[in-house]
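Take a look at the letters that make up each chain.
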Amino acid sequence: MEFGAVLQTNPPASRTIQLAKLAEVQGFSHVWTFDSHVLWQEPYVIYSQILAQTQRIKVGPFVTNPATRDWTVTASVFATLNEMFGNRTVCGIGRGDSAVRLTNGKPTTLTELRESIHVIRELGNSRSVDYNGSNIRFPWSRGSQLEVWVAAYGPMALKLAGEVGDGFILQLADLDIAEWMIRTVREAAEAAGRDPLSVKFCVAAPMYVGEDWEHMRDQCRWFGGMVGNHVADIVAKYGSDGAVPQALTDYIRGREGYDYNQHGRAGNTHADFVPDEIVDRFCVLGTAAQHIDKLQQLAELGVDQFAGYLQHDNKEETLRVYGETVIPALTDPVSATG
């Protein structure tokens, strides 16, 4: 299993870069960041500094979207970073959440998402692509390699992830829901004529190493509120029964609204509706041994990477414990030496 650290680009940018460097020292393979240009600093500028000050870490948005950024510009950023620092980027993408909703926009359609993935991937891999009636390529790009990982929750988005994604991003660590979604993505990949095992699976959730469960829950309750935004859209489209696991839909019945100015922040007052049970199921909390146990179960389901959110008050200590204890316990000795 690989490990990623998910950061917010809060000022100062030097703090984000410092945490990324620490993540690399502790054995993380990826550093992801939120991509919401109004709420936080511009991530792609910061990626350049992270890559310049590290040796092997890969960087990417968690996640970008096709609405707030021109697809060709997005691809150009990745291809440029790859030319500057080697192929050390990955593109996480979804329909759009805070970046579009904060400016009264709407998430894109799945058709637009599918088209954007194709354009970004082809250009990001130094290939030509048809775009707006023209066949274009980056004449300066040679040998760039870019994977596009799709973030999804609903049945049709999961189907799309299986059909076209290099990877699938699931932003919660509930074992039952992960099993259902991984199976759904793999079935879609197989139906599309792809090798279902070729799709990489990334589970992302807050990781907090500690023993004070009340404090850990309060620090990570925001995550259930963030996930609730996506779930609310799914329930509005599909209803609360049938196509989506009941465990994913029941808890949002107490949801009354959401303030995007508190998005992804510990102490989010609009996440009070999230019960302790959901925090425990969606996040990875507790002692190192408890983290290892849950991550081993996720690995058995086919999860290739765990990406831990660090939006809490215990960032460095959590990274340290992962580096010294958790990551070694979950890393295949053969792959680690080969």
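Since the structure is predicted, the reported quantities are computational estimates derived from the model, not experimental observations.

Enquirer: Help me understand the environment of F78 in this model?
Expert: One can find F78 in helix α3 (residues 71-85). Considered as a pair, F78 and V59 are 19 residues apart in the sequence and their alpha carbons are 9.8 Å apart. Discounting residues that sit within four places of it in the chain, F78 has contacts with Y44, P61, T89, V90, C91 and L146.

Enquirer: Help me understand the pattern of salt bridges, please; the structure alone is not making it clear to me.
Expert: Here the idea is simple: oppositely charged side chains can pair when their charged atoms come close. Evaluated as defined, the whole model comprises 17 salt bridges. R69 is paired through a salt bridge with D35; the nearest N and O atoms lie 2.7 Å apart. Highlighted residues: R69 in the loop between β3 (58-61) and α3 and D35 in the loop between β2 (30-33) and α2 (43-52), separated in sequence by 34 residues. Note that R121 is salt-bridged to D166, the shortest N-O span being 3.0 Å. Residue R121 is located in helix α5 (residues 110-124), and its partner D166 is located in the loop between α6 (155-164) and β8 (167-170); the two are separated by 45 residues in the primary sequence. Each member of the pair, R121 as well as D166, is classed as buried.

Enquirer: Which parts of the structure should I look at to understand the packing of α6 against helix α7 (residues 175-191)?
Expert: The angle between the axes and the distance between the axes are what describe a pair of packed helices. In contact at an axis separation of 7 Å, α6 and α7 are set at 50° when each is read in the N-to-C sense. In terms of orientation, α6 and α7 fall into the oblique class. Crossing of α6 against α7: the hand is right-handed. Residue-level contacts link L158, K159, A161, G162 and E163 of α6 to W180, M181, T184, V185, A188 and A189 of α7.

Enquirer: Is there a simple way to explain the packing of aromatic side chains in this structure?
Expert: The description of an aromatic ring pair uses the distance of the two centres, along with the angle that the planes make with each other. Considering all chains together, one arrives at 17 aromatic pairs under this definition. On the basis of an interplanar angle of 50° and a centroid distance of 5.6 Å, the ring pair of W32 and W149 is categorised as tilted. Linking W32 in strand β2 with W149 in strand β7 (residues 147-151), this pair joins segments that are 117 residues apart in sequence. Side by side, W32 and W149 carry an identical accessibility label, which is buried. Here F138 and W140 contribute two aromatic rings whose centre-to-centre distance is 5.0 Å and whose plane-to-plane angle is 15°, an arrangement assigned as stacked.

Enquirer: Even after reading the chapter, I still don't get the nonpolar core, so can you show me in this structure?
Expert: Within soluble globular proteins, side chains that are nonpolar generally end up buried alongside one another. The biggest cluster of nonpolar side chains holds 102 residues, and the ones touching the most others in it are F28, F62, F168, F223 and Y322. Considering each element in turn, this core owes the most residues, 8 residues, to strand β9 (residues 200-209). Setting aside anything within four residues of it in sequence, one finds F168 in contact with V150, A152, L158, A161, M181, V185, V199, K200, F201 and C202.

Enquirer: What exactly am I supposed to notice about the pairing of strand β4 (residues 90-93) here?
Expert: Two faces belong to every sheet, and in a regular strand the side chains alternate between them. Alternating positions in β4 separate into two faces, V90 and G92 on one and C91 and I93 on the other, with burial throughout. In this structure, β4 lies alongside β7, joined through 4 bridges in parallel fashion. Looking across to β7, one finds that C91 is bridged to V148.

Enquirer: What should I look at first to understand the side chain of N314 in this one?
Expert: Tracing the chain through its elements places N314 in the loop between β11 (305-309) and α12 (315-330). Given a relative accessible area of 16%, N314 falls into the buried group.

Enquirer: Help me understand the confidence of the model for the protein chain in this model?
Expert: Looking at the protein chain, pLDDT values average 88 and 82% of them are 70 or higher. The low-confidence segment residues 334-338, where pLDDT is below 50, has 1 contact with residues more than four positions distant or belonging to other chains.

Enquirer: How should I be thinking about the pairing of β8 in this particular structure?
Expert: Of the two faces of β8, both are covered, the one formed by G167 and I169 as well as the one formed by F168 and L170. As paired elements, β7 and β8 share 3 bridges and run parallel to each other. Note on β8: the bridge partner recorded for W149 is G167. Regarding topology, α6 serves as the crossover connection from β7 to the parallel β8, and that connection is right-handed.

Enquirer: Quick question: what am I supposed to make of the environment of A192 here?
Expert: Along the chain, the position of A192 falls in the loop between α7 and β9. Counting along the chain gives 30 residues from A192 to G162, while the straight-line C-alpha distance between them is 8.0 Å.

Enquirer: Quick question: what am I supposed to make of unusual backbone geometry here?
Expert: Excluding glycine, residues mostly carry a negative phi; peptide bonds, for their part, are mostly trans. With an omega dihedral of 0°, the bond running from P11 to P12 counts as a cis peptide bond. In this structure, P12 sits in the loop between β1 (2-7) and α1 (13-25). In this model, F62 is joined to V63 through a cis peptide bond whose omega is 0°. If you trace the backbone, V63 turns up in the loop between β3 and α3. Non-glycine residue S126 carries a positive phi angle of around 60°. Within the fold, S126 resides in the loop between α5 and β5 (129-131). The backbone of N132 shows a phi angle near 55°, a positive value even though the residue is not glycine. With respect to the helices and strands, N132 occurs in the loop between β5 and β6 (134-136). Overall, the relative accessible area of 69% leaves N132 in the exposed class.

Reading the values: the criteria
Residues numbered from 1 in each chain as written. Predicted model: local features only at pLDDT ≥ 70, side-chain atom pairs only at ≥ 80, totals over all residues. Heavy atoms only, no water. Helix = DSSP H or I, 4+ residues; strand = E, 2+ residues; numbered from the N terminus. Contact = heavy atoms within 4.5 Å. Salt bridge = Lys/Arg side-chain N within 4 Å of Asp/Glu carboxyl O. Buried < 20%, exposed > 50% of the residue type's maximum accessible area, 1.4 Å probe, protein only. Axes fitted to C-alpha atoms, helices over the stretch in contact; angles between N-to-C directions. Parallel < 35°, antiparallel > 145°, perpendicular 65-115°, else oblique. Left-handed = near helix turned anticlockwise from the far one by under 90°. Phe/Tyr/Trp six-rings, centres within 6.5 Å; stacked < 30°, edge-to-face > 60°. Core = buried A, V, L, I, M, F, W, Y, C linked by side-chain atoms within 4.5 Å. Pairing = 2+ DSSP bridges. pLDDT = per-residue confidence, 0-100. Right-handed = clockwise from strand over helix to strand, strands pointing away.

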